[in-house]
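Close look at the chain arrangement
Listed below, chain by chain, are the residues.
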Amino acid sequence: RITGFAHCTQPGAKMDRELETWLRAGSPPLVFTLGSSAVHIGTDFLRESMQACERLGRRALLFTGSPAIRAGLPETLPSHVHAADYAPHSAVFPHAAAIIHHGGIGTSTEALRAGRPMLVVPHGFDQYDNAERLKHLGVAHVLPARDYRCDTATPLLKDLLDDPRYAQHAWRCAEAVHAEHGDAVAADLIDANLSARF
């Protein structure tokens, strides 16, 4: 049985006030994150992402993951760019216009729950498979990490933002994910199987 995803969002997970204020002060941004597996090699990814947002005339929220990666970016960022080491994806993603991420299963699921189009930039492990599945659902474009540059990402992001079908598919997926209760379904199945044996 496929039970659905077991979400591990912490109760009351919130973003800090500075980030919340920035999000509310303008249009929905493009959110860029490399999760936990690729975050420490993300300086070039974030620089190229900033350039893409400038070309598109869009705001950008960059998850840097660490002070070291933040130090690789300009000390003073343009007003349309905000950088944060981390914030709960469940709190931030619903504010996004689109989410650009590495394709890790946790980040992918939170992006699906938020009902937002995605540009998936896989680096390794299961991320390539997850990326293809998201593309098949009609919610994402895929751009391998080795090919990620401003000039390659910009047209894909423009298509995600301009073609309403991506947002429509994303909302349908969000409805399905919100209807899942994977942890409860899995627990009930385990309990029923154990009970049947004793």
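The structure we're discussing is the one just above.
The sections below set out a description of the structure shown in this document. Note that the coordinates shown come from a computational prediction; the quantities given were computed from them, not determined experimentally. (Residues numbered from 1 in each chain as written. Predicted model: local features only at pLDDT ≥ 70, side-chain atom pairs only at ≥ 80, totals over all residues. Heavy atoms only, no water.)

1. Thoughts on the pairing of strand β4 (residues 98-101)
On a regular strand, one side chain projects to one face of the sheet and the next to the other, so that they alternate. Of the two faces of β4, the one carrying Ala98 and Ile100 and the one carrying Ile99 and His101 are both buried. Summarising the sheet, strand β1 (residues 30-32) and β4 pair through three bridges and their orientation is parallel. In the sheet register, Phe32 faces β4, and the bridge partner there is Ile100. Sheet topology places β4 next to strand β5 (residues 118-120); three bridges connect them, and they run parallel. Note on β5: the bridge partner recorded for Ile100 is Leu119. Assessed by its sense of winding, the connection that carries the chain from β4 through helix α5 (residues 105-114) to β5 is right-handed. (Buried < 20%, exposed > 50% of the residue type's maximum accessible area, 1.4 Å probe, protein only. Helix = DSSP H or I, 4+ residues; strand = E, 2+ residues; numbered from the N terminus. Pairing = 2+ DSSP bridges. Right-handed = clockwise from strand over helix to strand, strands pointing away.)

2. Some points on the sheet that holds strand β2 (residues 60-63)
In a beta sheet, neighbouring strands pair by backbone hydrogen bonds and run either parallel or antiparallel. Taken together, the six strands give an open sheet; going across it, the order is β3-β2-β1-β4-β5-β6, and neighbouring strands pair in parallel fashion. With one partner strand each, in any of the chains shown, β3 (81-84) and β6 (140-142) form the two edges of the open sheet. This sheet shows a mean twist of 15° between the axes of neighbouring strands, independent of strand direction. Against the sheet, helix α6 (residues 127-136) makes contact with β4, β5 and β6, and its axis sits at roughly 140° relative to β6, the strand it touches most. (Axes fitted to C-alpha atoms, helices over the stretch in contact; angles between N-to-C directions. Contact = heavy atoms within 4.5 Å.)

3. Digging into a nonpolar patch on the surface
A contiguous nonpolar surface patch, about 390 Å² in accessible area, is contributed by Ile190, Leu194 and Phe198. Here Leu194 shows up in helix α9 (residues 182-197). By relative accessible area, Leu194 is classed as partly exposed at 44%. (Patch = residues over 30% accessible without salt bridge, like charges linked within 9 Å, V, L, I, M, F, W, Y side chains within 5 Å. Areas by Shrake-Rupley, 256 points an atom, 1.4 Å probe, with all protein chains shown as cover. Salt bridge = Lys/Arg side-chain N within 4 Å of Asp/Glu carboxyl O.)

4. Considering the environment of Thr43
Topologically, Thr43 is positioned in helix α2 (residues 43-56). Classification of Thr43 as buried rests on a relative accessible area of 18%. Put simply, Thr43 and Gly72 are 29 residues apart on the chain and 6.1 Å apart in space, counted from C-alpha to C-alpha. Setting aside residues no more than four positions away along its own chain, Thr43 makes contact with Ile69, Gly72 and Leu73.

5. Section: the packing of aromatic side chains
Counted according to the given criterion, the structure contains two aromatic pairs. Between the aromatic rings of Phe32 and Phe45, the centroid separation amounts to 6.2 Å while the plane-to-plane angle is 70°, which identifies the pairing as edge-to-face. Here Phe32 is found in strand β1, whereas its partner Phe45 is found in helix α2, with 13 residues between them in sequence. Considered together, Phe32 and Phe45 belong to a single accessibility category, that of buried residues. Considering the side-chain rings of Phe45 and Tyr148, the 4.8 Å spacing of their centres and the 40° angle between planes classify their relative orientation as tilted. (Phe/Tyr/Trp six-rings, centres within 6.5 Å; stacked < 30°, edge-to-face > 60°.)

6. A word on unusual backbone geometry
Notably, Phe125 is not glycine yet its phi reads approximately 60°, a positive angle. With respect to the helices and strands, Phe125 occurs in the loop between β5 and α6. Relative accessible area serves as the criterion here: at 74%, Phe125 is assigned to the exposed category.

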